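As a plain string of letters, each chain reads:
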Amino acid sequence: MSTWNNFNDAESPAFSLIPKGTLVKVRMTIKPGGYNDASQGWLHGWATRGDTGAVYLNAEFVVLEGKYARRKLWSLIGLSSTKGETWGQMGRGFIKGVLNSAYGLHPEDTSAAAQAGRCIESFGDLDGVVFVGKVDWEKDRDNEDKAVIKIPIMPDHPGYKEIMGPVVASVGDRGGPSAHVPAHVAHAAQAAAAASPVAGRPAWAQ
């Protein structure tokens, strides 16, 4: 029997989770869930509303480089919950960390350029963003371990530069923000950078 239809001698599939604590450069994409809430500014169907009434972003993360390149991870980014504000606040904190990581913003930087970099016009601005994340594990519905991204790694972390590389410059860099920075952020950042009292130094370092 030919090999194309006889799989008895094929290697058994071997799959192991990315180890906890691994830092990876990922591209995040948002799977639209079709849920809108104009009062919250959640438009264009990016959000998803679950059976319990919780609202979230359904995020996929693809590892771009290194040993685990092309591996995929999934996480939910909380927007609101019927159980209280905690989940939504965790989601806001995660998105803030993603923006800091993606645009090279130090978490202590409160300059106009940095503040512009932490604003979005739509959840669509998060679709395709590249940042550094820390791998963790959690249980899925079948109580099996799965790898997730819960913590964005920001420029003040000693491992950030090695993983992120030189592709993304700070939004406030006078040389201009990186190509994937949304247009409204780029314009605000360039205006703020032009008015910066000390060239090349963020507000937290003045």
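Because the structure is a prediction, the values reported are computed rather than measured.

Rules of the game
Residues numbered from 1 in each chain as written. Predicted model: local features only at pLDDT ≥ 70, side-chain atom pairs only at ≥ 80, totals over all residues. Heavy atoms only, no water. Pairing = 2+ DSSP bridges. Helix = DSSP H or I, 4+ residues; strand = E, 2+ residues; numbered from the N terminus. Salt bridge = Lys/Arg side-chain N within 4 Å of Asp/Glu carboxyl O. Buried < 20%, exposed > 50% of the residue type's maximum accessible area, 1.4 Å probe, protein only. Core = buried A, V, L, I, M, F, W, Y, C linked by side-chain atoms within 4.5 Å. Contact = heavy atoms within 4.5 Å. Expected span 1.5 Å × (residues − 1). pLDDT = per-residue confidence, 0-100. Phe/Tyr/Trp six-rings, centres within 6.5 Å; stacked < 30°, edge-to-face > 60°. Polar contact = N/O pair within 3.5 Å; in protein donor to acceptor, adjacent residues only side chain to side chain.

1. Description of the pairing of strand β4 (residues 55-63)
Strand direction decides the pairing type here: strand β1 (residues 23-31) and β4, joined by six bridges, are antiparallel. Across the sheet, Thr29 pairs through a bridge with Glu60, a residue of β4. Bridge count between strand β3 (residues 42-49) and β4: two bridges; the pairing is antiparallel. Along β4, the bridge assignment pairs Thr48 with Tyr56. Here β3 folds back onto β4, and the loop between the two strands holds five residues, one of which, Gly53, carries a positive phi near 95°.

2. Concerning the pattern of salt bridges
In this structure the tally under the stated criterion is four salt bridges. Glu138 is the partner of Lys146 in a salt bridge, and the nearest nitrogen-oxygen pair spans 3.7 Å. Take Glu138: its relative accessible area is 28%, and that puts it in the partly exposed class. Across the pair Asp145 and Lys139 runs a salt bridge whose closest N-O atoms are separated by 3.0 Å. Its relative accessible area of 35% is what places Asp145 among the partly exposed residues. According to the relative accessible area criterion, Lys139 is partly exposed, its value standing at 47%. Each member of the salt-bridge network shares a partner with another, and the members are Glu138, Lys146 and Lys150.

3. Digging into the nonpolar core
Counting residues in hydrophobic clusters, the biggest one holds 32 residues, and the most contacted among them are Met28, Leu57, Phe61, Leu73, Phe94, Phe131 and Ile149. Elements supplying a minimum of two residues to this core: β1, β3, β4, β5 (72-80), α1 (86-103), β6 (130-139) and β7 (145-153). Setting aside chain neighbours within four positions, we find Leu57 in contact with Ile30, Trp46, Ala47, Ser75, Leu76, Ile77, Leu79, Ile95, Phe123 and Leu126.

4. Some points on α1
With 18 residues, α1 extends 26 Å from end C-alpha to end C-alpha; this agrees with the ideal 26 Å at 1.5 Å per step. The complete set of buried residues in α1 reads Gly88, Gly91, Phe94, Ile95, Gly97, Val98, Leu99, Asn100, Ser101, Ala102 and Tyr103. Immediately downstream of α1, the backbone of Gly104 shows phi near 65°, a positive value.

5. Some words on the confidence of the model for the protein
Confidence in the prediction of the protein, expressed as mean pLDDT, is 83, and 79% of residues score 70 or more. Note on residues 167-180: pLDDT is under 50 here. Beyond four places in sequence and across chains, it has 32 contacts. Predicted confidence for residues 195-206 stays below pLDDT 50, and this span has 15 contacts to residues more than four positions away or in other chains.

6. A few points about the environment of Lys67
In this structure, Lys67 sits in the loop between β4 and β5. Each C-alpha atom of the pair Lys67 and Val24 lies 9.4 Å from the other, and the pair is 43 residues apart in sequence.

7. What to know about the packing of aromatic side chains
One pair of aromatic rings is described through two measures. These are the centre distance and the angle between the planes. Scanning the model with the defined rule gives four aromatic pairs in all. Considering the side-chain rings of Phe61 and Phe94, the 6.3 Å spacing of their centres and the 75° angle between planes classify their relative orientation as edge-to-face. One end of the pair, Phe61, is in strand β4; the other, Phe94, is in helix α1, and 33 residues separate them in sequence. A single burial state applies to Phe61 and to Phe94, both of which are buried. Among the aromatic residues, those joined into a cluster by ring pairs are Phe61, Phe94 and Phe131.

8. Re the side chain of Thr22
By the secondary structure assignment, Thr22 is in the segment before β1. Within the local environment of Thr22, its side chain forms a polar contact with the backbone oxygen of Pro19, the two atoms lying 2.8 Å apart. The residues contacting Thr22, other than those within four sequence positions of it, are Tyr68, Gly133, Lys134 and Val135.

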